[in-house]
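# Observations on the three-dimensional arrangement
Take a look at the letters that make up each chain.
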Amino acid sequence: MARPDPELPSVIEPFAPPQPDIVSGKTTRKRSSASLRNDAAILEAARAEIDDDGVDNLAMTKVARRARLTTGALYGRYETAHELAAAVWVDLVGGGHLA
């Protein structure tokens, strides 16, 4: 690996490519705080929709509207309402809300 140029400002770090996730093998990168807030907003909106209409009637457009996001933002994370419902369940169980 090449050494950084000593004439560059010290705030510039050498490029480090994203590392693969240990479990999935997929390349991961740091997520922005806005993206993390959107994740939380989606799960909260989906949880509220499930409470109001039931899991069988979970609609992606309603979740997006409640989260104040586009459907594209939602479908970029979850392909189906079933996948979103599973994520809500994992969030509830993994977060210790049922313990």
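See the structure above.
Residues numbered from 1 in each chain as written. Predicted model: local features only at pLDDT ≥ 70, side-chain atom pairs only at ≥ 80, totals over all residues. Heavy atoms only, no water.

### Describing the nonpolar core
Ranked by internal contacts, the top residues of the largest apolar core, which has 18 residues, are Leu58, Val63, Leu74, Tyr78 and Leu84. Breaking this core down by element, the ones donating at least two residues are helix H1 (33-53), helix H2 (60-67) and helix H4 (81-94). Considering every element that reaches this core, the biggest residue donor is H4, with 6 residues. Those residues within four positions of Leu58 in sequence are excluded, and the remaining contacts are Ala46, Glu49, Ile50, Val63, Ala81, Leu84 and Ala85. (Core = buried A, V, L, I, M, F, W, Y, C linked by side-chain atoms within 4.5 Å. Buried < 20%, exposed > 50% of the residue type's maximum accessible area, 1.4 Å probe, protein only. Helix = DSSP H or I, 4+ residues; strand = E, 2+ residues; numbered from the N terminus. Contact = heavy atoms within 4.5 Å.)

### Here we look at the pattern of salt bridges
Note that side chains of opposite charge can pair when their charged atoms are close. Tallied over the full model, the rule gives 6 salt bridges. In this structure, the salt-bridge partner of Asp91 is Arg47, at a minimum N-O distance of 2.5 Å. A residue pair is termed long-range when its members are at least 10 positions apart, and Asp91 in helix H4 and Arg47 in helix H1 qualify at 44 residues. Under the relative-accessibility criterion, Arg47 is labelled buried at 18%. Across the pair Asp53 and Lys62 runs a salt bridge, and its minimum N-O distance is 3.2 Å. (Salt bridge = Lys/Arg side-chain N within 4 Å of Asp/Glu carboxyl O.)

### Overview of the packing of H1 against H4
Taken N-terminus to C-terminus, the directions of H1 and H4 make an angle of 100°; their axes are 10 Å apart at the nearest point. Our classification of the angle between H1 and H4 gives roughly perpendicular. Along its contact with H1, which presents Ile42, Leu43, Ala46, Arg47 and Ile50, the element H4 presents Leu84, Ala87, Val88, Asp91 and Leu92. Here the contact of H1 with H4 is composed, by residue class, of 8 nonpolar, no polar and 2 charged. (Axes fitted to C-alpha atoms, helices over the stretch in contact; angles between N-to-C directions. Parallel < 35°, antiparallel > 145°, perpendicular 65-115°, else oblique. Nonpolar A, V, L, I, M, F, W, Y, C, P; charged D, E, K, R; others polar.)

### Overview of the packing of H1 against H2
Between H1 and H2, whose axes approach to 8 Å, the crossing angle comes to 120°. Classified by the interaxial angle, the pair formed by H1 and H2 is oblique. Here the hand of the crossing between H1 and H2 comes out right-handed. Along its contact with H1, which presents Ala41, Ile42, Ala45, Ala46, Ala48, Glu49, Asp52 and Asp53, the element H2 presents Lys62, Val63, Arg66 and Ala67. Looking at the contact of H1 with H2, its residues break down into 7 nonpolar, no polar and 5 charged. (Left-handed = near helix turned anticlockwise from the far one by under 90°.)

### Topic: H2
Among all positions of H2, only Met60, Val63, Ala64 and Ala67 are buried. Taken down its axis, H2 places every buried residue within 100° of arc, on the same side. Buried residues along H2 sit in contact with H1, helix H3 (71-75) and H4. (Arc of directions from axis to C-beta.)

### Quick notes on the environment of Leu58
Mapped onto the secondary structure, Leu58 falls in the loop between H1 and H2. Sequence separation between Leu58 and His82 is 24 residues; the distance between their C-alpha atoms is 8.2 Å.

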